[in-house]
Amino acid sequence: SARDLFDLSFLFKQNAVPSIDLVNSKLEPYRTSFDYKTFSKKIAGLKRIWQPEMQALAPTALDFKTASKQVLEAAKKIKTKTFKNKYPTTIIPNRY
């Protein structure tokens, strides 16, 4: 959903550092694993629903182009395993 893209954009902007292992463990119930090409196609498919969904949730939210760019840039790092995951059991670093 557009909300999921918005949430991912927010998390990556907060320097969340998912590992490929964590991402794949979340996808395991669906019998799939992370694939950047498939992921980027799914993101592109959200463009048509972005405005109506986000307007209902947060009228001053990011535009689709900015959110998708942020998420796809972060997803490239997942694909190439360049994220250094200090917190392997969580997607959001514990700052407290």
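Residues numbered from 1 in each chain as written. Predicted model: local features only at pLDDT ≥ 70, side-chain atom pairs only at ≥ 80, totals over all residues. Heavy atoms only, no water.

**Q** Just to check I follow, could you spell out the packing of aromatic side chains for this structure?
**A** What characterises a pair of aromatic rings is the spacing of the ring centres plus the angle enclosed by the ring planes. In this structure the tally under the stated criterion is two aromatic pairs. Between tryptophan 50 and phenylalanine 64 the ring centres are 5.8 Å apart and the planes differ by 65 degrees, which places this aromatic pair in the edge-to-face class. Of this pair, tryptophan 50 sits in helix 4 (residues 47-57) while phenylalanine 64 sits in helix 5 (residues 64-79), and the two are 14 residues apart along the sequence. Taken individually, tryptophan 50 and phenylalanine 64 each receive the classification buried, so the pair is uniform in this respect. (Phe/Tyr/Trp six-rings, centres within 6.5 Å; stacked < 30°, edge-to-face > 60°. Helix = DSSP H or I, 4+ residues; strand = E, 2+ residues; numbered from the N terminus. Buried < 20%, exposed > 50% of the residue type's maximum accessible area, 1.4 Å probe, protein only.)

**Q** When you look at the nonpolar core in this model, what are you seeing that I'm missing?
**A** Nonpolar side chains in soluble globular proteins tend to end up buried together. The biggest cluster of nonpolar side chains holds 18 residues, and the ones touching the most others in it are Leu5, Phe34, Ile43, Trp50, Phe64 and Ile78. Those elements that provide at least two residues to this core are helix 1 (2-13), helix 2 (20-27), helix 3 (36-45), helix 4 and helix 5. The biggest single contributor to this core is helix 5, with seven residues. (Core = buried A, V, L, I, M, F, W, Y, C linked by side-chain atoms within 4.5 Å.)

**Q** Could you clarify how one ought to interpret the packing of helix 1 against helix 4 in this entry?
**A** For any two helices packed against each other, one specifies the inter-axial angle together with the distance between the axes. Where helix 1 contacts helix 4, the two axes come as close as 9 Å, and the packing angle between them is 75 degrees. Considering their axes alone, helix 1 and helix 4 lie roughly perpendicular with respect to each other. Contacts between helix 1 and helix 4 involve Ala2, Arg3, Leu5 and Phe6 from the first element and Ile49, Trp50, Glu53, Met54 and Leu57 from the second. Residues that form the contact of helix 1 with helix 4 fall into these classes: seven nonpolar, no polar and two charged. (Axes fitted to C-alpha atoms, helices over the stretch in contact; angles between N-to-C directions. Parallel < 35°, antiparallel > 145°, perpendicular 65-115°, else oblique. Contact = heavy atoms within 4.5 Å. Nonpolar A, V, L, I, M, F, W, Y, C, P; charged D, E, K, R; others polar.)

**Q** What is the right way to read the environment of alanine 75 from this model?
**A** On the secondary structure map, alanine 75 appears in helix 5. For the pair alanine 75 and serine 40, spaced 35 residues apart in the sequence, the C-alpha separation amounts to 8.6 Å. Contacts of alanine 75, omitting those with residues within four sequence positions, involve Phe34, Tyr36 and Phe39.

**Q** Before we go on, may I ask you to explain unusual backbone geometry in this structure?
**A** Note on backbone geometry: most residues besides glycine have negative phi, and most peptide bonds are trans. The phi dihedral of asparagine 15 falls on the positive side, at around 65 degrees, and the residue is not glycine. One can find asparagine 15 in the loop between helix 1 and helix 2. Its identity is not glycine, yet arginine 31 carries a phi of approximately 55 degrees, on the positive side. Tracing the backbone shows arginine 31 in the loop between helix 2 and helix 3.

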